[in-house]
Amino acid sequence: MPRALTVLIGLVAAQVGAVLLFRRQRGRHAGLRTHFLVTQGGEQLRPTAEQVNDAVLSVMMGGLVLDLREVKLTARPARIELLSIMGGVMILVPEAWKVDIDVQPLMAGVRDERTGSIEREDRPTDLVLTGRVIMSGLDVASHMPQEQSAAPANAPTAGAKDA
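Cut-offs used in this document
- Residues numbered from 1 in each chain as written.
- Predicted model: local features only at pLDDT ≥ 70, side-chain atom pairs only at ≥ 80, totals over all residues.
- Heavy atoms only, no water.
- Helix = DSSP H or I, 4+ residues; strand = E, 2+ residues; numbered from the N terminus.
- Buried < 20%, exposed > 50% of the residue type's maximum accessible area, 1.4 Å probe, protein only.
- Contact = heavy atoms within 4.5 Å.
- Areas by Shrake-Rupley, 256 points an atom, 1.4 Å probe, with all protein chains shown as cover.
- Salt bridge = Lys/Arg side-chain N within 4 Å of Asp/Glu carboxyl O.
- Pairing = 2+ DSSP bridges.
- Axes fitted to C-alpha atoms, helices over the stretch in contact; angles between N-to-C directions.
- Core = buried A, V, L, I, M, F, W, Y, C linked by side-chain atoms within 4.5 Å.
- pLDDT = per-residue confidence, 0-100.

Draft legend 1. A look at the overall build of the chain. Within the chain, the regular secondary structure consists of two helices and ten strands. Counting from the amino terminus, the chain carries its helices and strands in the arrangement α-β-β-α-β-β-β-β-β-β-β-β. Relative to its full complement of 163 residues, the chain shows a buried share of 36%. For the chain, contacts bridging at least 24 residues in sequence account for 71% of all contacts bridging at least 6. Total accessible area on the chain is roughly 10,200 Å²; 55% of this is exposed by carbon and sulfur atoms.

Draft legend 2. Seen up close, the pattern of salt bridges. This structure, assessed with the given rule, holds seven salt bridges. In this structure, the salt-bridge partner of Arg-111 is Asp-139, at a minimum N-O distance of 2.6 Å. Of this pair, Arg-111 sits in strand E8 (residues 109-112) while Asp-139 sits in strand E10 (residues 137-141), and the two are 28 residues apart along the sequence. Put simply, Asp-126 and Arg-123 hold a salt bridge, and the shortest N to O gap is 2.8 Å.

Draft legend 3. Representation of the sheet that holds strand E9 (residues 127-134). Strand order in the open sheet formed by five strands is E1-E3-E5-E9-E7, with parallel pairing between adjacent strands. Each edge of the open sheet is held by one strand with a lone partner, namely strand E1 (34-39) and strand E7 (99-106). Each strand axis lies, on average, 10° off the axis of its neighbour in the sheet, ignoring direction. Pairing geometry for E7 and E9, over eight bridges, is parallel. Across the sheet, residue Ile-101 finds its bridge partner in E9, namely Leu-129.

Draft legend 4. Structural detail: the sheet that holds E8. Across the sheet, five strands lie side by side as E2-E4-E6-E10-E8; this open sheet has parallel pairing. Each having just a single partner strand, strand E2 (42-45) and E8 make up the two edges of the open sheet. For this sheet, the mean inter-axis angle between neighbouring strands, taken without regard to orientation, is 5°. Judged from the four bridges that link them, E2 and strand E4 (residues 63-67) form a sheet pairing that is parallel. Looking at the pairing, Gln-44 lines up with Val-65 of E4.

Draft legend 5. Highlighting the nonpolar core. Counting 26 residues, the largest nonpolar core has Leu-57, Leu-68, Ile-80, Ile-91, Val-93, Leu-127 and Leu-129 as its most contacted members. Look past the residues within four positions of Leu-129 in its chain and what remains in contact with it is Ile-80, Ile-91, Val-99, Asp-100, Ile-101, Asp-102, Val-103 and Val-140.

Draft legend 6. Layout of the confidence of the model for the chain. Averaged over all residues, the pLDDT of the chain is 77; the fraction at 70 or higher stands at 72%. Considering only residues more than four positions removed or in separate chains, one finds that residues 23-30, a stretch of pLDDT under 50, has nine contacts. Contacts for the low-pLDDT stretch residues 147-160, under 50 throughout, to residues beyond four places or in other chains number zero contacts.

Draft legend 7. Looking closely at unusual backbone geometry. In this structure, the amide linkage connecting Arg-76 to the following residue, Pro-77, adopts the cis form with an omega of -5°. Among the secondary structure elements, Pro-77 is positioned in the loop between E4 and strand E5 (78-85). Despite not being glycine, Met-61 shows a phi value in the positive range, around 50°. Turning to its location among the elements, Met-61 is positioned in the loop between strand E3 (54-60) and E4. We classify Met-61 as partly exposed; its relative accessible area is 25%. The backbone of Met-86 sits at a positive phi, close to 50°, despite the residue not being glycine. Its location among the elements puts Met-86 in the loop between E5 and strand E6 (88-92).

Now the structure itself:
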């Protein structure tokens with residue numbers, strides 16, 4: 001069998017397995033849920049409070065920035081269930097939010113990048129993140145990372161003298 005066909009069959013099998021896993025996880029909850037799906041691409045979403053109260057994020061070979069900084073929660077805690085396979089997810093939250101992260105990583109990274117300057121321990125939980133990240137990354141932050149300068153390495157800097 002040609003190698004390309006073997007790889008394609010493997011990717012299809014992985015996505016089918018992820019869908020089956022996702023369905024099994026989803027079956028534990030009742031009621032209406034908001035589903036966000038990103039596959040093989042990138043998205044930046046700014047959902048409403050109603051969409052965040054009980055949401056499911058599925059990211060497969062893609063990237064997602066979920067910006068919750070302007071969301072005013074109507075019920076606490078909001079719950080987001082996450083499944084990310086070979087993807088990256090950044091969830092932006094207000095600095096003061098208390099976020100409980102109960103995500104199982106498999107060859108993946110999960111981190112809360114917010115500073116510890118605000119005392120969150122005495123607050124009620126604002127957001128609960130559950131689910132799995134497989135060969136992926138999950139970052140919780142309060143702002144987008146600073147973009148690096150796009151100037152080429154050989155570009156003259158301010159005040160540089162011509163030789």
